[in-house]
Structure formats: structure tokens, C-alpha cells
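# Residue-level structure breakdown
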Amino acid sequence: MNLKNLFSGHFIIDFYEDQTGDKQFYLLNIKSKNQEFEVNESESFNSFSDLKKNSKRFKGIHLNINSFFVLTKIVPWLSDQDVMINGAFPNIDWDKFYFQIGRFGDKAILSLARKSQVEEVISSFESNNLKVKSLTLGVSTINEVVPFIGNQSFETLKFKIQPTSGEIIEFSGELEKPLEGTKIQVADFELNSYFLPGLSSFLGFLQGKLNLGTSLKDRNKELKSNFKKDLLFKGLMFSSVSLLLIILTINSFLYTNYYQDLNYYKSLNNKVEIEKEKWEQLKIKHAEKKALVENFYSTGHSNSTFLLNQIVVSVPREITLDGLEYQPFSRAIEQDNPIEIKKNIIILSGVTSGEYSFSEWIQSMEKKEWINEVEINDYQMEADDEDISFEIEISLNE
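Residues numbered from 1 in each chain as written. Predicted model: local features only at pLDDT ≥ 70, side-chain atom pairs only at ≥ 80, totals over all residues. Heavy atoms only, no water.

### Comments concerning the packing of aromatic side chains
- With the rule as written, the count across this model stands at 13 aromatic pairs.
- Their ring planes at 65 degrees and their centres at 4.8 Å tell us that Phe 25 and Phe 48 sit as a pair that is edge-to-face. In this pair, Phe 25 is assigned in strand 2 (residues 23-33) and Phe 48 in helix 1 (residues 48-52), connecting sequence segments 23 residues apart. An identical accessibility class is assigned to Phe 25 and Phe 48; each is buried.
- Here the aromatic rings of Tyr 26 and Phe 195 are separated by 5.4 Å at their centres, their planes lie at 85 degrees, and the arrangement is edge-to-face. Placement of Tyr 26 in strand 2 and of Phe 195 in the loop between strand 13 (189-192) and helix 5 (196-206) is noted, with a sequence separation of 169 residues between them. Both residues of the pair, Tyr 26 and Phe 195, belong to the buried class.
- Three or more aromatic residues link up through ring pairs in this structure, and these residues are Phe 15, Phe 25, Phe 48 and Phe 125.
- Positioned over the ring face of Phe 89 is Lys 73, at 5.1 Å from the centre of the ring. (Phe/Tyr/Trp six-rings, centres within 6.5 Å; stacked < 30°, edge-to-face > 60°. Helix = DSSP H or I, 4+ residues; strand = E, 2+ residues; numbered from the N terminus. Buried < 20%, exposed > 50% of the residue type's maximum accessible area, 1.4 Å probe, protein only. Lys NZ or Arg CZ within 6 Å of the ring centre and 35° of its normal.)

As C-alpha cells, this is what we get:
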């Protein structure tokens with residue numbers, strides 16, 4: 001499995017709460033640039049107040065709940081999952097529970113939690129301005145990290161785990177008291193083992209290897225939809241404020257100069273005709289500046305049109321584009337500050353049904369002489385678990 005193309009800036013939190021109410025947050029910030037995968041940050045917190053100090057950097061988080069109320073069982077794998085689940089947790093009202101299943105070899109890891117307790121955790125995150133965009137439970141996908149750590153044994157907050165034979169995992173049983181954690185070499189970076197449940201849950205979720213119960217799958221669709229609506233709302237608010245600032249700046253500029261010139265004309269009545277001509281010239285300049293702002297995103301020059309056309313015709317049929325931005329604003333527009341754009345930048349967004357075709361397309365663009373760099377800003381599974389939405393940023397050579 002190649003991790004290099006899976007991530008483009010994700011925040012993953014493995015959340016643990018014991019029966020006394022003590023909390024632990026294990027945060028991973030995973031990024032990729034130029035197809036290089038790296039853990040940009042790993043940090044633990046013991047309160048929402050500490051976590052919130054970093055929340056302005058979060059576009060959205062993948063939340064793995066690993067608290068005391070998440071029940072875990074290891075059972076023989078059965079093709080009939082209803083029989084397997086009901087055998088592990090008999091006489092349960094499934095309308096009141098979320099569950100998920102992970103498989104390793106001939107065994108399965110089942111994770112189960114009450115909906116009310118899970119929703120309470122989600123509410124506590126969102127009340128602290130931490131937007132949850134996807135959700136998993138427990139250590140059902142812990143096997144996903146084994147290919148990257150070999151046969152190193154390690155501890156999570158609830159289990160001691162011994163990998164063997166590359167993929168098979170042996171659990172020593174649920175611990176009565178959390179251990180200290182161990183340093184684990186994962187590919188090219190070192191992590192405390194307490195971060196592995198969050199990393200493995202996101203790997204399983206992103207690759208569609210996690211079997212979520214119907215209610216948990218529906219809840220993830222709802223979280224993703226709400227997250228997108230929130231992003232859209234913030235985007236519209238930003239656009240509205242930006243437009244308003246542009247209008248106010250132009251109006252302020254025009255009217256300030258207009259009244260200055262009007263007072264000047266009144267004091268020089270003997271030169272009305274001369275000053276009128278100057279005023280007409282000034283209005284023409286104002287109109288040109290206004291037209292410049294209104295056409296800020298214009299891609300009319302032939303070279304830009306040619307390059308954009310070259311990019312569009314190279315898109316494989318497995319990829320559908322739904323957004324294109326040329327030379328976007330480099331920062332929010334502020335009064336009395338110059339308007340700045342990201343020169344020679346193109347942002348494309350869309351969906352792909354093929355990871356291989358997407359990776360090949362990125363690599364082909366990076367080889368073009370007139371392209372300096374291709375960076376993946378977003379890459380995540382769509383709600384139907386078939387298509388993957390993405391956003392890339394293309395830097396053109398000057």
C-alpha cells in the first residue's frame with residue numbers, strides 16, 4: 001500500500017475519556033507535498049481548552065473515539081456478519097448503538113458504542129468550534145498500520161498488541177490501567193504508540209476497508225454533508241465580505257476625490273472649463289481602476305488561455321472537474337491595503353473514480369516544463385465510498 005497519495009493535509013484526533021471524566025486527545029497532522037507523505041505534527045492534549053488553542057488551523061477533523069464506553073471484542077471472522085455481530089453482542093437494541101468491524105486474517109475486531117454517548121462527544125467537540133467531518137470507533141482497523149511497523153509490539157491506551165507474520169495481530173486483552181506507550185518506527189518517522197489507533201482508523205476509513213454499521217455510515221454521510229455546508233457558508237461569507245470591501249474601497253476612493261475636486265472647482269470659478277476637462281479625465285481613470293477590479297480574475301490573455309486548455313485536455317476520463325480558479329486572492333481584502341493575488345497559480349477541483357489515473361495525471365503535469373509544482377490540497381472519499389473528491393494547486397513557471 002502506497003501512503004504517499006492518500007493525504008493532503010488532514011487533522012486526526014484519537015479521543016480517550018476514562019470513567020472519571022479525564023480526557024486525552026492525540027492529534028496527528030498529516031500532509032503530503034509533491035507526493036511525499038509525512039506526519040507534520042503529533043501532539044497530545046488533556047483538555048479542550050488546550051486543544052482549542054490550535055483549532056484555528058483545523059479545517060475539519062477525523063475523530064476516532066476510543067473511550068471507556070467503546071466496547072471491543074475479537075471473534076472468529078464469519079461471512080454472515082449479522083450472525084457474527086449478534087453472536088458477539090446478543091440481545092442488543094441496534095437502534096441505540098453504533099458499531100464497526102475490522103478484519104485481520106481469520107479474526108474480526110468489533111467495536112460498539114451507544115449512540116447517545118458518541119453524540120455527546122461529537123457535541124462537545126463542535127461546541128468548542130472543532131468541526132468533525134468523519135467518525136470511527138475503537139481499534140477495529142489497527143491492522144492497517146502493521147505493514148509499516150513490522151513485528152514491533154506496542155500499547156494503546158486500552159490494549160497491548162503483538163503483530164506477527166506481517167499482518168496478523170495478537171491482543172493480550174483489555175488493560176485495566178493504561179500503560180506508558182512505546183516509541184514505534186512507522187515507515188520513515190517515529191510515533192508514540194498512543195497515536196496509532198487514530199492513524200490506523202483514518203487509513204481504514206479513507207481506503208474503504210472499514211465495515212461501518214448502517215447507522216454509523218449514515219452518520220458519516222451527515223457529518224461530511226454538514227462539513228461541506230459549513231465550508232460553503234464560510235466561503236460565501238468571505239466572498240460577500242470581500243465584495244463589500246471592494247465596493248466600499250472604490251466608493252470611498254471615488255467620493256473622496258469627487259468632493260475634493262468639487263471644492264477645488266468652486267474656489268476656481270474663473271477656470272471652470274479647464275478644470276471640467278481635468279475632471280472628465282479623472283473620471284476616466286476611475287472607471288479604468290474599477291474595471292481593473294471587476295476583471296481581477298480575467299484569464300483573457302492568450303498565453304493563460306493556452307495553458308489552461310493544455311491542462312483541461314490532459315484530464316483522464318476517470319476525472320471530472322467541477323471548479324477552476326486562476327490567480328486567486330493571496331489574502332483577504334482589507335481596506336487601505338493593496339489587493340494581492342497568487343500569480344501564476346491555478347486551482348482545480350473535482351472528483352475521480354480512479355486513484356491510479358489521478359496519480360498518473362499529477363505525475364504527467366509535474367513533468368511539463370511550464371509547470372513548476374503540483375500540490376494536492378484536498379483528497380477524500382465521497383459519501384458513496386466510490387468517488388474521491390480532490391483539490392489541487394498548480395504553480396506555473398513565470
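Now that the structure is up, let's keep going.
### Considerations on the pattern of salt bridges
- Counting across every chain of the model gives three salt bridges.
- With its nearest N and O atoms 3.5 Å apart, the salt bridge here joins Lys 23 to Glu 17.
- Between Glu 119 and Arg 219 there is a salt bridge, with the nearest N and O atoms lying 2.8 Å from each other. Separated by 100 residues along the polypeptide, Glu 119 in helix 3 (residues 115-127) and Arg 219 in helix 6 (residues 214-267) bring together distant segments of the chain.
- Judged by its relative accessible area of 23%, Glu 119 falls in the partly exposed class.
- When salt bridges with common partners are traced through the structure, they connect Glu 119, Arg 219 and Glu 222 into a single cluster. (Salt bridge = Lys/Arg side-chain N within 4 Å of Asp/Glu carboxyl O.)

### Brief notes about the sheet that holds strand 17 (residues 371-381)
- Pairing within the open sheet is antiparallel, and its four strands lie in the order 15-16-18-17. Two strands close off the open sheet at either side, each with one partner strand: strand 15 (319-326) and strand 17. Going from strand to strand, the sheet's axes swing by 20 degrees on average, the running direction of each strand aside.
- Where strand 15 lies against strand 16 (residues 345-352), seven bridges are found, and the strand directions are antiparallel. Paired with Leu 324 across the bridge in strand 16 is Leu 348. (Pairing = 2+ DSSP bridges. Axes fitted to C-alpha atoms, helices over the stretch in contact; angles between N-to-C directions.)

### Points about helix 5
- With ten of eleven residues buried, helix 5 lies mostly within the body of the structure.
- Every buried residue of helix 5 is accounted for by Leu 196, Pro 197, Gly 198, Leu 199, Ser 200, Ser 201, Phe 202, Leu 203, Gly 204 and Leu 206.

### Examining the nonpolar core
- Judged by nonpolar contacts, the single largest core of 28 residues is most densely connected at Leu 28, Ile 142, Phe 154, Val 186, Leu 191, Leu 196 and Leu 199.
- Those elements giving two or more residues to this core turn out to be strand 1 (10-17), strand 2, helix 4 (146-149), strand 10 (159-164), strand 12 (183-186), strand 13 and helix 5.
- If you tally residues by element for this core, the top one is helix 5, at five residues.
- Phe 154 has contacts with Ile 142, Ile 149, Phe 159, Lys 160, Ile 161, Pro 163, Thr 182, Ile 184, Ser 193 and Leu 196, leaving out every residue within four places of it along the chain.
- Grouped together as the second largest cluster of nonpolar side chains are 25 residues, Phe 45, Phe 48, Leu 51 and Leu 137 included. (Core = buried A, V, L, I, M, F, W, Y, C linked by side-chain atoms within 4.5 Å. Contact = heavy atoms within 4.5 Å.)

### Digging into the confidence of the model for the protein
- Summary statistics for the protein give a mean pLDDT of 77 and a share of 74% for residues scoring 70 or more.
- Put simply, strand 11 (residues 168-174) is where the protein has its lowest mean pLDDT, 58, and helix 3 is where it has its highest, 93.
- Across residues 1-8, where pLDDT falls below 50, the model places 32 contacts with residues more than four positions away in sequence or in other chains. (pLDDT = per-residue confidence, 0-100.)

### Points about unusual backbone geometry
- Backbone geometry places Asn 91, a non-glycine residue, at a positive phi of 60 degrees.
- Within the secondary structure, Asn 91 sits in the loop between helix 2 (81-88) and strand 6 (97-104).
- Despite not being glycine, Asn 344 has its phi angle at roughly 60 degrees, a positive value.
- With respect to the helices and strands, the residue Asn 344 is situated in the loop between strand 15 and strand 16.

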